[in-house]
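# Reading the structure
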Amino acid sequence: MTAVILLQATGGGAGYMQLVLLVGMILVFWLFMIRPQAKKAKQAKSFQENLQKGDKIVTIAGIHGRVNKMNEDGTIDIETSPGSYLKIEKSAISMEMTANVNKTAVTTPAK
């Protein structure tokens, strides 16, 4: 019974400290989780909007190809092998994999 009374008596200052800790946790969560993810999504959208004919791409599903045609409805036609075309959504392009494919193509000397 006395422990309950003592805990209730010291609750005034602890409420302020709990509020500070809660705000701190939200701030850390935003800095390490939400902000980088939003930045990455913004970069991916910019990358998808700046695609041009002839760019090498990789879809989220892992399909490699070259951009053949940009359609008005938000889709693109890619050439996966000579004479073989696929119509995909722009949002299905993986920016990370495409950057890796293009980096290897640039660093590998042509024979």
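Keep in mind that what you see is a predicted model, and the values were worked out from it rather than measured. (Residues numbered from 1 in each chain as written. Predicted model: local features only at pLDDT ≥ 70, side-chain atom pairs only at ≥ 80, totals over all residues. Heavy atoms only, no water.)

### Observations regarding the confidence of the model for the protein chain
For the protein chain, the average pLDDT comes to 82, and 80% of its residues sit at 70 or higher. Within the protein chain, the lowest mean pLDDT, 49, falls on helix 1 (residues 2-9), and the highest, 94, falls on strand 4 (residues 84-89). (pLDDT = per-residue confidence, 0-100. Helix = DSSP H or I, 4+ residues; strand = E, 2+ residues; numbered from the N terminus.)

### What about the UniProt feature "transmembrane region" (unreviewed entry) in the protein chain?
Per the UniProt annotation, the sites labelled "transmembrane region" (unreviewed entry) are residues 16-34. Between the first and last C-alpha atoms of residues 16-34 the distance is 26 Å; the span itself is 100% helix and 0% strand. (UniProt positions renumbered as here; feature names shortened; annotations may be inferred.)

### A short note on the environment of Ile-88
By the element assignment, Ile-88 lies in strand 4. According to the relative accessible area criterion, Ile-88 is buried, its value standing at 14%. Linking Ile-88 and Ile-76, residues 12 residues apart in sequence, is a C-alpha distance of 5.5 Å. The residues touching Ile-88, leaving out its near neighbours within four places in the chain, are Ile-57, Thr-59, Thr-75, Ile-76, Ile-78 and Ile-93. (Buried < 20%, exposed > 50% of the residue type's maximum accessible area, 1.4 Å probe, protein only. Contact = heavy atoms within 4.5 Å.)

### As for the pairing of strand 4
Across six bridges, the pairing between strand 3 (residues 75-81) and strand 4 is antiparallel. Bridging from a neighbouring strand, Asp-77 pairs with Lys-87 of strand 4. (Pairing = 2+ DSSP bridges.)

### Description of the sheet that holds strand 1 (residues 56-58)
Taking strand neighbours across the sheet as the criterion, the four strands line up as 1-2-3-4 in an open arrangement whose pairing is antiparallel. Taken across any chain shown, the strands that pair with only one partner, and hence form the sheet edges, are strand 1 and strand 4. Averaged over all pairs of adjacent strands, the angle between strand axes in this sheet comes to 45°, irrespective of strand direction. Where strand 1 lies against strand 2 (residues 64-70), three bridges are found, and the strand directions are antiparallel. (Axes fitted to C-alpha atoms, helices over the stretch in contact; angles between N-to-C directions.)

### A closer look at the pattern of salt bridges
For the structure on display, the rule yields one salt bridge. Residues Lys-87 and Asp-73 are paired through a salt bridge, measuring 3.8 Å at the closest nitrogen-oxygen approach. One end of the pair, Lys-87, is in strand 4; the other, Asp-73, is in the loop between strand 2 and strand 3, and 14 residues separate them in sequence. Each member of the pair, Lys-87 as well as Asp-73, carries the same accessibility label: exposed. (Salt bridge = Lys/Arg side-chain N within 4 Å of Asp/Glu carboxyl O.)

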